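# Secondary and tertiary structure notes
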2 protein chains.
Amino acid sequence: MGVGTVNRIESFSDLESPAVVDLQPQSHALAAAPAPPPSETHKVPLPQEKPALQAARERLGEVFFPDDPLHQFKNQPLRTRLFLALQYLLPIFKWGSEYSLALLKSDVVSGLTIASLAIPQGISYAKLANLPPIIGLYSSFVPPLIYAMLGSSKDLAVGPVSIASLVMGAMLRQVVAPEKEPILYLQLAFTATFFAGVFQASLGLLRLGFIVDFMSKPTLVGFMGGAAIIVSLQQLKGLLGIVHFTTSMGFVQVMKSVFDHKSEWAWQTVVMGFSFLIFLLVARHISLRNPKLFWVSAAAPLTSVILSTIVCLAFKAQNHGIKTIGHLEKGVNPPSVNLLYFHGEYLGLAVKTGIVTGILALTEGIAVGRTFASLKNYQVDGNKEMMAIGLMNMAGSCTSCYVTTGSFSRSAINYNAGCKTAVSNIVLASAVLFTMLFLMPLFYYTPNVILSAIIITAVVGLIDFGTMLRLWKVDKLDFLACLSAFVGVLFVSVQMGLAISVGISIFKILIHVTRPNTVMMGNVPGTQSYRNLGHYRESVRIPSFVVLGVESPIYFANSMYLQERILRWVREEEERVAKMKESNIKCVVLDLGAVTAIDTSGMEALAELKKTLDKKSLQLVLANPVGNVTEKLYRSEAWDFFRSGGIYMSVGEAVAANSTKVTYDY
Amino acid sequence: MGVGTVNRIESFSDLESPAVVDLQPQSHALAAAPAPPPSETHKVPLPQEKPALQAARERLGEVFFPDDPLHQFKNQPLRTRLFLALQYLLPIFKWGSEYSLALLKSDVVSGLTIASLAIPQGISYAKLANLPPIIGLYSSFVPPLIYAMLGSSKDLAVGPVSIASLVMGAMLRQVVAPEKEPILYLQLAFTATFFAGVFQASLGLLRLGFIVDFMSKPTLVGFMGGAAIIVSLQQLKGLLGIVHFTTSMGFVQVMKSVFDHKSEWAWQTVVMGFSFLIFLLVARHISLRNPKLFWVSAAAPLTSVILSTIVCLAFKAQNHGIKTIGHLEKGVNPPSVNLLYFHGEYLGLAVKTGIVTGILALTEGIAVGRTFASLKNYQVDGNKEMMAIGLMNMAGSCTSCYVTTGSFSRSAINYNAGCKTAVSNIVLASAVLFTMLFLMPLFYYTPNVILSAIIITAVVGLIDFGTMLRLWKVDKLDFLACLSAFVGVLFVSVQMGLAISVGISIFKILIHVTRPNTVMMGNVPGTQSYRNLGHYRESVRIPSFVVLGVESPIYFANSMYLQERILRWVREEEERVAKMKESNIKCVVLDLGAVTAIDTSGMEALAELKKTLDKKSLQLVLANPVGNVTEKLYRSEAWDFFRSGGIYMSVGEAVAANSTKVTYDY
């Protein structure tokens, strides 16, 4: 620090800047008397008046097109524009033309690696959603192909994911039992997938991507952690070989069910399950410690499947109480358009399930896409991703797939395996196709217990103790939000946990707006700056003045509160002054620098405050209003109260202008 | 202004301020070189570390006890404390001891005036809620007595009100038809009233009063306007003498019903109804034009009732198709505790109706109380009012009353009639008691049509075109919110209109947080201040710098947006600079003065931004962080990116400290 004035001035005159006309007087002012005292008071101007339509268009542009997506189309000939549009809609045309053999090699390696993980995970996750295992494989075939054409992430590995599978299973099971009405259940699952896709694509199309942001990270961490535990507990059924297991998801019911059916625990299943679970967890740990050994955890699930299948085949496991997957139909995805369910009593359920799983899938997919994009330093367009994932699910619902998105675990392995483009998804799909066509009989002897072990290994990564600890350290309220979501999922229900998460996130915003901070400010000696007395301890009060900073927009939701709070500040300050025998308070300055918006109630509150303080013979002046607040004040009735000498550009000027008045008045 | 420096300095030295130790160097600095250039850079300090518990207690205090209600108890002997507590709980002890005959005289006059309005209105509003007319009288007797003891407003006239009656009627009728199951309907009405009271009292007790603020004024105006029209349209039944009228509330259905039953229109009813309606509206208009003639509109309803009753009696109106109220039971409120309904299938409905009408009643009661308190310059304690209104409704539900609150029209007349204390409510109750005991037979011949005319006259005042026009001028978005609530009530349903109102109010807050303003700032020549270039047109860009103001907390809900938006600003500025051939951008300064809070996602976004700009060889520095943002940054990982020369007290210092660096680096 401590850069001297002279140095700085040199640097200013070094710079050439023909366009900035006023620079010379500026640097001159800085050189001679760098910041003149506020002897002249600056008028607070009105922002340039804009026609209502233009203002509305600009505001809508900020809300819906913050990234200015048409930026690259400007000043381009029509041909180029058309080509750019094609590239925009189908990113495959962007990277496809530059695709090379070297890239293909990397993509084949990473594609095969994720396939070895995706096949057993696909089968397992389908079971989480109470669907036949084959649906999990179908869902690992069509969606990756579609994403490869539409998606803008190079690292996303697409397929079924645990949380969305769990939530879909939980929501549908509440109404329809998959064991009793398997066809209806399947219909509803495809229909929910269809609506999830429609919802996702419309969010992207309407550029409402910010809805996905409405789950804050703390609540997301809590929700995922809770869901991971719920999923793991569900696996106790397979891991212990229990036959009569609860269909409930609650922690208490599941634990009760586990111990009530102790007699059903099968030691052969338990031994096999826990052995492979330990194997998988160790493999995961090795890859975590050394990312170069990513292939260890990538290959472990398929290895476990093969090993356990061989073991079962060799020992005729089905005779020892170890349940296996059994017969799986060969062949590619059958069409399922005819299964979509667009009327009848369960339509509402399907739509609701679609929207909830759709949002969850988007949240995961976009977060994963962005994470790896930032590691490789390229941009992922949120709205475009939503359309890609949405179209993928719509297409999926017509080809026997259920909700899919970018999976965190598989994308991480894809990234570590050195994938270069979305071609790795095509390789993945090809490997799945090969499996579906030729390898299905091999799964006949694969024990269910191994699927449980694979699921547990996949979801333990979702329990993020590190972040929880950090939240505790940095922000207790965030930690509480995280904990509530966690407890909600675990002890109430998955849906309730989700509702709690979103509710708390929104409540946090609202409480900040309803009960904003107000701070007492003082002058930082030797400057014209006024800062929070509690923050800058060197800052000093100006006698006879109360300088208050309002740290929030002034809204209907807080205008009453702010009015009362400001009056209380004034009352307390008067009491303090009386006790210390300092000179009486004569002027209250409100620093509106952080008041970034005001509504009609807010302006009424200011006028009301002015009147109340007037009755106490106290002057109320405003300092540093931002553009749109100035504009609204000007157009409102509150303007009458402040227009003559009530609004200043800065607190310094307000204090300077009113200190003479203050002395003469009394 | 143009107050000279010398003047100001004089005034400063005139003031005596022994307590503010640092004042002398301060005024000296102002005198010699009033604001030295930021050649020395001020360290951004950490706010004083507080133990987590104390910080939490202070924050909770700000949220729940902003008015510091125990303030008056501090440093008082126990006896005084007890007496103060009694006065706090039962304000009647506060003003009761100073009560005089002069006050009584005023209160008797105003009490009798509002009684003459309250009796016909009570009967009419009960019909709005589909309740027997006598319930309206009961509800004008017990609640005013209770409010007189507990309430802190001197002007509130308590009783049934139109909006809450309408909403209760609409919500209960959806499930239970009052014609078919009158007893059940009555039970549900009392139970809903009970829960309304419990809800209101708990809001007050838990100091959650701000929940009432969650309906913004624009949506409230829209909702009230729409509800007033719905109520008026419902009165067409009585006004036209239609027998078979729709039970629906929708605009379309009601108009259809009116014209479908044209054959039922009775000319005698129509003539009588419209004559009295015109009489009442003219009386209302006279009082509006000249508030001293308040008694004209106050006495008009009772006059109409008496006149119309005499007419009906004289002409044997029942023989001419004019329906009259008929027999009303004499006597005071019967107990209704036994009618409360605490289990069974309709409990949920009763609770829901109670909460909705309870909130509506509170909103009206508190707004009315505050309006008149500010006219007479005394304070109404929101939380205490909630408890008073809540207890009043709980007691009411046990004595055959339905939801009551402070009514706007009657309170206005109370105020104009010169009421001094809540004794006017006791006078009102006495007058109602007298009516119930002795005058009930007189209502036998009162025509229903007159009640319709009274209701219409009462509710037209709720349609507030003036405010709507002002909203259109000041804030188009607020106007849109108002219009949506209005249209929602009118064409969808009352409940939906209410939901739309609250939804829009909350959405407005959220959209502001999700898509905050970012502005490009420049130096105001001759000062150290940096302001929005679009607002202060004299301000100039500093070559090689991009100074951006972020006008919102940085949250999970906007951290992605802000990151993208800031990068776009930088990109656009680089393009502009390249076009104008100015010197290259080398440093980005973020003015965090309006960033009043930050969460974990926000800090990650800052760190992310720093990394992205680093890759472009751009320096990112922060200026003017507020206390809690500094504190959180310090405790987070983002601190590593900024601690060495990345955070400054003001934009001016940040620019000064980095301009040398900028020149030497390139």
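Residues numbered from 1 in each chain as written. Chains lettered and ligands numbered in written order. Predicted model: local features only at pLDDT ≥ 70, side-chain atom pairs only at ≥ 80, totals over all residues. Heavy atoms only, no water.

Another aspect to go through is the packing of helix 6 (residues 101-128) of chain A against helix 19 (residues 423-439) of chain A. Residue and element names in this part refer to chain A. It is at 7 Å that the axes of helix 6 and helix 19 come closest, and there the two elements cross at 50°. Relative to helix 19, the element helix 6 lies oblique. Along this stretch, helix 6 crosses helix 19, giving a crossing that reads as right-handed. Every residue of helix 19 that contacts helix 6 at Leu104, Asp107, Val108, Ser110, Gly111, Leu112, Ile114, Ala115, Ala118 and Ile119 is listed here: Val423, Ser424, Val427, Leu428, Ala431, Val432 and Thr435. In terms of residue class, the contact of helix 6 with helix 19 is made up of twelve nonpolar, four polar and one charged. (Axes fitted to C-alpha atoms, helices over the stretch in contact; angles between N-to-C directions. Helix = DSSP H or I, 4+ residues; strand = E, 2+ residues; numbered from the N terminus. Parallel < 35°, antiparallel > 145°, perpendicular 65-115°, else oblique. Left-handed = near helix turned anticlockwise from the far one by under 90°. Contact = heavy atoms within 4.5 Å. Nonpolar A, V, L, I, M, F, W, Y, C, P; charged D, E, K, R; others polar.)

All names here are of chain B. Mapped onto the elements, Ser336 comes out in the loop between helix 15 (294-315) and helix 16 (347-376). By relative accessible area, which is 0% here, Ser336 ends up buried. For the pair Ser336 and Thr399, spaced 63 residues apart in the sequence, the C-alpha separation amounts to 5.2 Å. Aside from chain neighbours lying at most four places away, what touches Ser336 is Phe190, Ser397, Cys398, Thr399 and Ser400. Engagement of the side chain of Ser336 in a polar contact is seen with the backbone nitrogen of Thr399, the distance being 3.3 Å. (Buried < 20%, exposed > 50% of the residue type's maximum accessible area, 1.4 Å probe, protein only. Polar contact = N/O pair within 3.5 Å; in protein donor to acceptor, adjacent residues only side chain to side chain.)

With that settled, consider unusual backbone geometry. All names here are of chain A. Phi is positive for Lys581, which is not a glycine, with a value near 55°. As for its placement among the helices and strands, Lys581 is situated in the loop between helix 24 (559-580) and strand 6 (587-591). Even without being glycine, Asn624 reaches a positive phi, approximately 60°.

What follows covers the pairing of strand 6 (residues 587-591) of chain B. All names here are of chain B. The element strand 6 is extensively covered by neighbouring structure, given that five of its five residues are classed as buried. Here strand 6 shows a buried face lined by Cys587, Val589 and Asp591 and a second buried face lined by Val588 and Leu590. Relative to strand 6, strand 5 (residues 545-551) runs parallel, the two sharing five bridges. Along strand 6, the bridge assignment pairs Gly549 with Asp591. In the sheet, strand 6 pairs with strand 7 (residues 619-623) via five bridges, with the strands oriented parallel. Of the residues in strand 7, the one forming a bridge with Asp591 is Ala623. Tracing the backbone out of strand 6, into helix 25 (residues 600-615) and back to the parallel element strand 7 gives a crossover that is right-handed. (Pairing = 2+ DSSP bridges. Right-handed = clockwise from strand over helix to strand, strands pointing away.)

Bringing a nonpolar patch on the surface into the picture now. Residues and elements named next belong to chain A. The grouping of Val252, Leu483, Val487, Phe491, Val492 and Met496 at the surface amounts to a nonpolar patch, some 510 Å² of accessible area in total. A total of four residues in the nonpolar patch trace back to one element, the largest contributor, which is helix 22 (residues 476-492). Locating Val252 in the fold gives a position in helix 13 (residues 251-260). (Patch = residues over 30% accessible without salt bridge, like charges linked within 9 Å, V, L, I, M, F, W, Y side chains within 5 Å. Areas by Shrake-Rupley, 256 points an atom, 1.4 Å probe, with all protein chains shown as cover. Salt bridge = Lys/Arg side-chain N within 4 Å of Asp/Glu carboxyl O.)

Let us now look at the domain arrangement of chain A. Along its sequence, chain A is organised into domain 1 (28-52 + 516-659) and domain 2 (103-510). The centre of domain 1 of chain A, based on its C-alpha atoms, is set 54 Å off from the matching centre of domain 2 of chain A. (Domains from an automatic or database assignment.)

Looking at the element boundaries, Gln200 of chain A is found in helix 10 (residues 182-205). Since its relative accessible area comes to 0%, Gln200 of chain A is described here as buried.

Further remarks concern the confidence of the model for chain A. All names here are of chain A. Per-chain confidence: chain A averages 82 in pLDDT, with 91% of residues scoring 70 or above. Ranking the helices and strands of chain A by mean pLDDT puts strand 1 (residues 158-159) first, with 94, and helix 2 (residues 23-32) last, with 32. When the criterion is pLDDT under 50, residues 1-38 qualifies, and its contacts beyond four places in sequence or with other chains add up to 72 contacts. As scored by the predictor, the complex reaches a pTM of 0.71 and an ipTM of 0.73. (pLDDT = per-residue confidence, 0-100.)

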